[in-house]
Amino acid sequence: MLNGPIPPHVDPRKLADRGVTLEGSMPLASFERLCDPLVDNAGMVHAKLAFVRGERRAVSIHSELKVEVKMICQRCLELVVLPIQSECDYAVVKEGADTQSLPQGYDVLEVGEDPLDLLALVEDELLLALPIIPAHAHEDCQQPAGLEEPESSEDEVPRSNPFSVLAQLKRDPNV
């Protein structure tokens, strides 16, 4: 296992031959696309990437990523800190190779002769792990000021349901 800075570009086949596991932290600010929907880019992304050559000499990468991000809660419009964790298994194949024989549960990662952009892979995985609608837990969420349920007044006229006629027709067996 190699602790320290995660290199930006690697050759996954060579690392898998040696059974290398990379573990380290990277500044959240170095991931521009990931920081776009965030309120603050302070923090560190903790990554662990294990390169393995398995059966039939197939190369795979197991990634574990953790980070805390700050976003705006879509219910109360206040700041929410969300722990993001992602775990993924990749099967590394040559560009254009047949992927039908790969085991289930692996994402296909096509790698040519150029080194793999490891930082882009980490960023893509974290982007997919972000919540579509960031929000506090229901018990922690505060309603914005001025957003109360309107109380019904005595002067309000009850509206009739336009489908009540259909309900009557459904009940009447002679129709």
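See the structure shown above.
Rules used in this analysis
Residues numbered from 1 in each chain as written. Predicted model: local features only at pLDDT ≥ 70, side-chain atom pairs only at ≥ 80, totals over all residues. Heavy atoms only, no water. Helix = DSSP H or I, 4+ residues; strand = E, 2+ residues; numbered from the N terminus. Buried < 20%, exposed > 50% of the residue type's maximum accessible area, 1.4 Å probe, protein only. Contact = heavy atoms within 4.5 Å. Areas by Shrake-Rupley, 256 points an atom, 1.4 Å probe, with all protein chains shown as cover. Core = buried A, V, L, I, M, F, W, Y, C linked by side-chain atoms within 4.5 Å. Salt bridge = Lys/Arg side-chain N within 4 Å of Asp/Glu carboxyl O. Patch = residues over 30% accessible without salt bridge, like charges linked within 9 Å, V, L, I, M, F, W, Y side chains within 5 Å. Polar contact = N/O pair within 3.5 Å; in protein donor to acceptor, adjacent residues only side chain to side chain.

Asker: So what's going on with the overall build of the chain? Residues and values would help.
Answerer: Of regular secondary structure, the chain possesses 4 helices and 8 strands. The N-to-C order of helical and strand elements in the chain reads β-β-α-β-α-β-β-β-β-β-α-α. Residues counted as buried form 30% of the 175 residues belonging to the chain. At a minimum sequence separation of 6, the contacts of the chain that also span at least 24 residues come to 54%. Roughly 12400 Å² of accessible area belongs to the chain as shown, and the carbon and sulfur atoms make up 51% of that amount.

Asker: Hey, could you go over the nonpolar core for me, with residue numbers and the actual values?
Answerer: Among the nonpolar cores identified, the biggest contains 39 residues, and Phe 51, Val 69 and Leu 118 are the most heavily contacted of them. Listing elements by their share of this core, those giving two or more residues are helix 1 (12–18), strand 3 (21–27), helix 2 (32–35), strand 4 (44–53), strand 5 (59–72), strand 6 (79–94), strand 7 (107–111) and helix 3 (118–129). Not counting residues up to four positions away in its chain, the partners in contact with Val 69 are Leu 28, Leu 38, Val 80, Val 81, Leu 82, Ile 84 and Leu 130.

Asker: Report on the pattern of salt bridges, specifying residues and quantitative values.
Answerer: Applying the stated rule across the entire model yields 4 salt bridges. Through salt bridges with shared partners, a single network forms among Arg 33, Glu 123 and Asp 124.

Asker: How would you explain a nonpolar patch on the surface if you had to name every residue and give the values?
Answerer: On the surface, a nonpolar cluster with roughly 350 Å² of combined accessible area is contributed by Val 39, Ile 72, Leu 77 and Leu 79. Here Ile 72 shows up in strand 5. Owing to a relative accessible area of 33%, Ile 72 belongs among the partly exposed residues under this scheme.

Asker: Explain the side chain of Glu 125 to me, and be specific about the residues and the numbers.
Answerer: With respect to the secondary-structure elements, Glu 125 resides in helix 3. With residues up to four places along the chain from it excluded, the contact list for Glu 125 reads Ser 63, Leu 65, Ser 86, Glu 87, Cys 88 and Tyr 90.

Asker: Explain the environment of Tyr 106 residue by residue, including any values.
Answerer: The residue Tyr 106 is located in the loop between strand 6 and strand 7 in this model. Note on Tyr 106: relative accessible area 33%, which makes it partly exposed. Contacts of Tyr 106, omitting those with residues within four sequence positions, involve Ser 60, Asp 89, Tyr 90 and Ala 91.

Asker: I'd love a proper account of the side chain of His 136, names of residues and values included.
Answerer: By the element assignment, His 136 lies in the loop between helix 3 and helix 4 (164–171). Within the structure, His 136 has its side chain in polar contact with the backbone oxygen of Leu 79 (distance 3.1 Å).

Asker: Tell me what's going on with the environment of Arg 33, and back it up with residues and numbers.
Answerer: Locating Arg 33 in the fold gives a position in helix 2. Assessed through its relative accessible area of 41%, Arg 33 is described here as partly exposed. The spatial distance from the C-alpha of Arg 33 to the C-alpha of Leu 127 is 8.0 Å, given a sequence separation of 94 residues. If we skip the residues at most four places from it in the chain, Arg 33 touches Ala 120, Glu 123, Asp 124 and Leu 127. A distance of 2.6 Å separates polar atoms of two side chains, one belonging to Arg 33 and the other to Asp 124.

Read these as geometric descriptors, not functional statements.
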